[in-house]
Amino acid sequence: MSAGERRGHLLALFTIVVWGTTFLSTSVLLRDFAPLEILILRMVLGIAALTVARPRRLQLKSRRHEWLFAGAGLTGVSLYFLLENYALTFTYSANCSVIISTAPFFVAIAVRLFLGGAPMGRSFYAGFAVAILGIALLSFSGQALNLNPLGDLLCLLAAVCWGGYSVFLKKIETCGYDTLLVTRRIFLYGLLFLLPALPFTPVGFDMQALLKPVNLLNLLYLGLCASALCFVTWNVAVSRLGAVRTSVYIYLSPVVTIVASWLLLGDPVLPMALLGAALTLVGLALSQRPRA
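Residues numbered from 1 in each chain as written. Predicted model: local features only at pLDDT ≥ 70, side-chain atom pairs only at ≥ 80, totals over all residues. Heavy atoms only, no water.

Participant: Would you take a moment to explain the overall build of the protein for this structure?
Facilitator: A tally of regular secondary structure across the protein gives 13 helices and 0 strands. Counting helices and strands in the order they occur from the N terminus, the protein gives α-α-α-α-α-α-α-α-α-α-α-α-α. Here the protein has a C-alpha radius of gyration of 18 Å; the compact-globule value for 292 residues is 19 Å, and the two agree. Referenced to the eigenvectors of the C-alpha coordinate spread, the extents of the protein come out at roughly 45 × 45 × 35 Å. The buried share of the protein, reckoned over its 292 residues, is 53%. A fraction of 91% describes how many contacts in the protein between residues 6 or more apart in sequence connect residues 24 or more apart. Split by element, the accessible area of the protein, about 13,800 Å² in all, is 69% carbon and sulfur. (Helix = DSSP H or I, 4+ residues; strand = E, 2+ residues; numbered from the N terminus. Rg over C-alpha atoms; globule rule 2.2 N^0.38 Å. Buried < 20%, exposed > 50% of the residue type's maximum accessible area, 1.4 Å probe, protein only. Contact = heavy atoms within 4.5 Å. Areas by Shrake-Rupley, 256 points an atom, 1.4 Å probe, with all protein chains shown as cover.)

Have a look at this one:
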């Protein structure tokens, strides 16, 4: 394994550890803010942080590249987060956790169809099956499976959107732009595509609620760390490992959420959840094996 690949694995792991804990921060913020308000505030903070880090303007090498940035912002920011957040108003978080974790499968399909990638080997599909079984055990430990067609469909569409985002990101990568400037451009389009939803969602941006220390800290965590920093680290990981190999780290997100809930909130961890976490790790390892 080259140094670049090792760095890619570490960055992907770091990103998923952070993204796996964002559920806790979002749950706190949903007490005072609507899902769309949280998304807009995250994007504004992320754009501000990336502007400070890299204040210069992105100079496009071709006007056609603008469509790639727009597509990435629409699929990976606006649609993905909106579908996921609104799905949680219809279905259980456990359902959403399992369905969203199918994203690597859709990434593999999208890369194969639109980028002409090589077909995935047996180890990838075996790892996918083992990981999804583990995530199901992890998510549904201690509770019954409850299906909600609308909410579950929204989760599935979010996973599909992440596949689309991965394709746009790989195409942008070949253009040779600075990663921070790329991420900021994607966020700008993500914010732009969120604005049309404002008339259909009651938002108030209550300043009194915003200035509560617990809300402010969680918003800063989501905007600066989970958005600005982690989209950069994820994009770098994709450039080092490829879209498909990086995406399988998404399997770990429910594991991180369960562990964080146990450490920070004192939530119990049941034996079935431990078995699910072990299977998820096995599935991740299988998916990272060379094509066979």
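Participant: Can you walk me through the environment of Gly 116 in this structure?
Facilitator: With respect to the helices and strands, the residue Gly 116 is situated in the loop between α5 (103–115) and α6 (122–140). With relative accessibility at 57%, the residue Gly 116 sits in the exposed group. C-alpha separation for the pair Gly 116 and Thr 280, spaced 164 residues apart in sequence, amounts to 28 Å.

Participant: Explain the state of the cysteines here, please?
Facilitator: One covalent bond between the sulfur atoms of two cysteine residues makes up a disulfide. Scanning the entire structure with this criterion turns up 0 disulfides. The cysteine Cys 225 is free of any disulfide, with Cys 230 supplying the nearest cysteine sulfur at 4.7 Å. (Disulfide = S-S within 2.5 Å.)

Participant: Is there a simple way to explain helix α13 (residues 271–287) in this structure?
Facilitator: Residues that lie three or four places apart on an α-helix share one face, since the helix turns once every 3.6 residues. Here α13 is 17 residues long and its end C-alpha atoms lie 25 Å apart, about the 24 Å a rise of 1.5 Å per residue gives. Residues of α13 that are buried: Ala 273, Gly 276, Ala 277, Thr 280, Gly 283, Leu 284 and Ser 287. The buried residues of α13 occupy one face: seen down the axis, they fall within an arc of 125°. Exposed residues on α13 whose side chains face more than 90 degrees from its buried face are Pro 271 and Leu 274. (Expected span 1.5 Å × (residues − 1). Arc of directions from axis to C-beta.)

Participant: What am I meant to see in the side chain of Ser 247 here?
Facilitator: Along the chain, the position of Ser 247 falls in helix α11 (residues 243–247). Among the residues examined, Ser 247 registers a relative accessible area of 0% and is labelled buried. Only 2.7 Å separates the side chain of Ser 247 from the backbone oxygen of Val 244, close enough to count as a polar contact. Those residues in contact with Ser 247, other than ones at most four positions away along the chain, are Pro 104, Val 107 and Trp 234. (Polar contact = N/O pair within 3.5 Å; in protein donor to acceptor, adjacent residues only side chain to side chain.)

Participant: Can you help me understand the packing of helix α2 (residues 35–53) against helix α8 (residues 179–194) in this one?
Facilitator: A packed helix pair is summarised by two numbers, namely the angle formed by the two axes and the spacing between the axes. The contact between α2 and α8 brings their axes to 9 Å, and the two run at 150°. The angle between α2 and α8 places the two elements in the roughly antiparallel class. Taken as a pair, α2 and α8 cross one another with a handedness that is left-handed. Counting all contacts with α2, which are made through Leu 36, Leu 39, Ile 40, Met 43, Val 44, Gly 46, Ile 47, Leu 50, Thr 51 and Ala 53, the residues of α8 involved are Leu 180, Thr 183, Arg 184, Phe 187, Leu 188, Leu 191 and Leu 194. Tallied by class, residues from the contact of α2 with α8 come to 13 nonpolar, 3 polar and 1 charged. (Axes fitted to C-alpha atoms, helices over the stretch in contact; angles between N-to-C directions. Parallel < 35°, antiparallel > 145°, perpendicular 65-115°, else oblique. Left-handed = near helix turned anticlockwise from the far one by under 90°. Nonpolar A, V, L, I, M, F, W, Y, C, P; charged D, E, K, R; others polar.)

Participant: Got a minute to help me understand the nonpolar core in this structure?
Facilitator: A general tendency of soluble globular proteins is for nonpolar side chains to be buried together. Ile 16, Trp 19, Phe 69, Trp 162, Ile 172, Ile 186 and Phe 231 are the most contacted members of the largest nonpolar core, which totals 82 residues. Top contributing element to this core by residue count: helix α10 (residues 213–241), with 12 residues. Leaving out residues up to four positions away in the same chain, Ile 186 has contacts with Phe 69, Ala 72, Gly 73, Val 77, Tyr 165, Leu 169 and Ile 172. (Core = buried A, V, L, I, M, F, W, Y, C linked by side-chain atoms within 4.5 Å.)

Participant: I'm lost on the confidence of the model for the protein in this one. Help?
Facilitator: In low-pLDDT regions, the fine details of the predicted coordinates are not to be read closely. Counting all residues, the mean pLDDT for the protein is 85, and 91% of those residues have values of 70 or more. Within the protein, α8 carries the highest mean pLDDT (95), whereas helix α4 (residues 93–100) carries the lowest (71). (pLDDT = per-residue confidence, 0-100.)

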